[in-house]
Amino acid sequence: MRIAIIGSGNVGTALATALRRAGHEVIFGVRAPDPADPAENSIAEAAASAEVVILAIPFEAVADTVRAADGFAGKVVIDATNPLGMIDGKLELTMGFQTSGAEQIAALAPRAHIFKSFNQTGFENMADPAVYSPRPVMFVAGDDSRGKAKALALVADAGFEPVDAGGLRAARLLEPFGMLWIELVRKQKAPPFAFVMQHRP
Ligand SMILES: NC(=O)c1ccc[n+]([C@@H]2O[C@H](COP(=O)([O-])OP(=O)(O)OC[C@H]3O[C@@H](n4cnc5c(N)ncnc54)[C@H](OP(=O)(O)O)[C@@H]3O)[C@@H](O)[C@H]2O)c1
């Protein structure tokens, strides 16, 4: 599958490594493409030519990005962002309970099929989740059933155990879940870990 990752930073690069390993064609959509790098395109070009788009940019950059890409019309879009900001000098989620970053993106891009995923662990775990056994869990939330099958398959291809968390409203749970990983590893300096789902035998 041809996948456009918007943003070539920590998360974008790690997901590209994992998805290319699984045989997908990955291109990047960036605001200043390197003409010498054939994998780098403008955001609009990358999104237009791909079947699935992954958002790996700061949440505050999403509104401009949606505009630049004609609202990602008709695309399956996986939102890996977390709506973070400094509150009273601390890195915190800037919304929750009443809405989520993913629902805000869906409101900005009503012709796209928005899914929340890839936001629940650190980029260090994304390039090669298979270092863990059992595989780390990665929840997927979103409303479109055909797009959901694609999003779940890509999460599995990247090396995670994909779990359907329900409709996009569940992003209100998945963004704080991502924040828990940030709290433990980035703030409390816990040794690197990933969440797994243990099934009752
Ligand atoms: N880091 C993690 O472990 C982690 C885990 C889960 C989710 N996330 C979420 O994933 C997203 C990306 O995190 P990251 O760690 O990959 O960040 P990062 O390494 O700083 O990379 C950010 C990327 O976004 C691009 N960007 C920044 N501002 C932009 C704008 N206004 N318009 C278009 N592109 C812009 C940057 O491009 P330039 O090179 O042009 O600046 C860069 O490619 C964030 O929303 C974060 O909350 C991060």
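Use the structure listed above.
Here goes a summary of the coordinates provided. What you see is a predicted model; the values in this text were computed from it and never measured.

1. A short note on the site of the ligand
Part 1 of the argument: Taken together, the neighbourhood of the ligand is formed by 22 residues, with V11, R31, I57, F123 and R186 sitting nearest.
Part 2 of the argument: R31 places a polar side-chain atom, nitrogen or oxygen, 2.8 Å from an oxygen atom of the ligand.
Part 3 of the argument: In isolation the ligand has 900 Å² of accessible area, and contact with the protein removes 71% of it.
Part 4 of the argument: Among the residues making up the shell around the ligand, the classes are represented as 11 nonpolar, nine polar and two charged.

2. What about the environment of Q188?
Part 1 of the argument: Looking at the secondary structure, you find Q188 in the segment after helix 6 (171-187).
Part 2 of the argument: Judged by relative accessible area, which is 53%, Q188 ranks as exposed.
Part 3 of the argument: Spatially, the C-alpha atom of Q188 lies 37 Å from that of D144, the residues being 44 residues apart in sequence.

3. What to know about the sheet that holds strand 3 (residues 40-41)
Part 1 of the argument: Spatially, the eight strands line up as an open sheet ordered 3-2-1-4-5-8-9-10, and their pairing is mixed. Two strands lie at the open edges of the sheet, namely strand 3 and strand 10 (161-166), each paired on one side alone.
Part 2 of the argument: Relative to strand 10, strand 9 (residues 137-142) is paired through five bridges, and the arrangement is parallel. Looking at the pairing, V137 lines up with E161 of strand 10.
Part 3 of the argument: Against the sheet, helix 4 (residues 101-108) contacts strand 4 (52-55), strand 5 (76-79) and strand 8 (113-116), and its axis sits at roughly 170° relative to strand 8.

4. Notes on helix 5 (residues 145-157)
Part 1 of the argument: The end-to-end C-alpha separation of helix 5 is 18 Å, in line with the 18 Å expected for 13 residues at 1.5 Å each.
Part 2 of the argument: Looking only at helix 5, the buried set comprises G147, K148, A151, L154 and V155. Buried residues of helix 5 fall within an arc of 130° about the axis and therefore sit on the same side. Those residues of helix 5 that are exposed and aimed more than 90 degrees away from the buried face are S145 and R146.
Part 3 of the argument: Directly beyond the C-terminal end of helix 5, a positive phi value near 110° is found at G159.

Calculation notes
- Residues numbered from 1 in each chain as written.
- Predicted model: local features only at pLDDT ≥ 70, side-chain atom pairs only at ≥ 80, totals over all residues.
- Heavy atoms only, no water.
- Near = heavy atom within 4 Å.
- Polar contact = N/O pair within 3.5 Å; in protein donor to acceptor, adjacent residues only side chain to side chain.
- Areas by Shrake-Rupley, 256 points an atom, 1.4 Å probe, with all protein chains shown as cover.
- Nonpolar A, V, L, I, M, F, W, Y, C, P; charged D, E, K, R; others polar.
- Helix = DSSP H or I, 4+ residues; strand = E, 2+ residues; numbered from the N terminus.
- Buried < 20%, exposed > 50% of the residue type's maximum accessible area, 1.4 Å probe, protein only.
- Pairing = 2+ DSSP bridges.
- Contact = heavy atoms within 4.5 Å.
- Axes fitted to C-alpha atoms, helices over the stretch in contact; angles between N-to-C directions.
- Expected span 1.5 Å × (residues − 1).
- Arc of directions from axis to C-beta.

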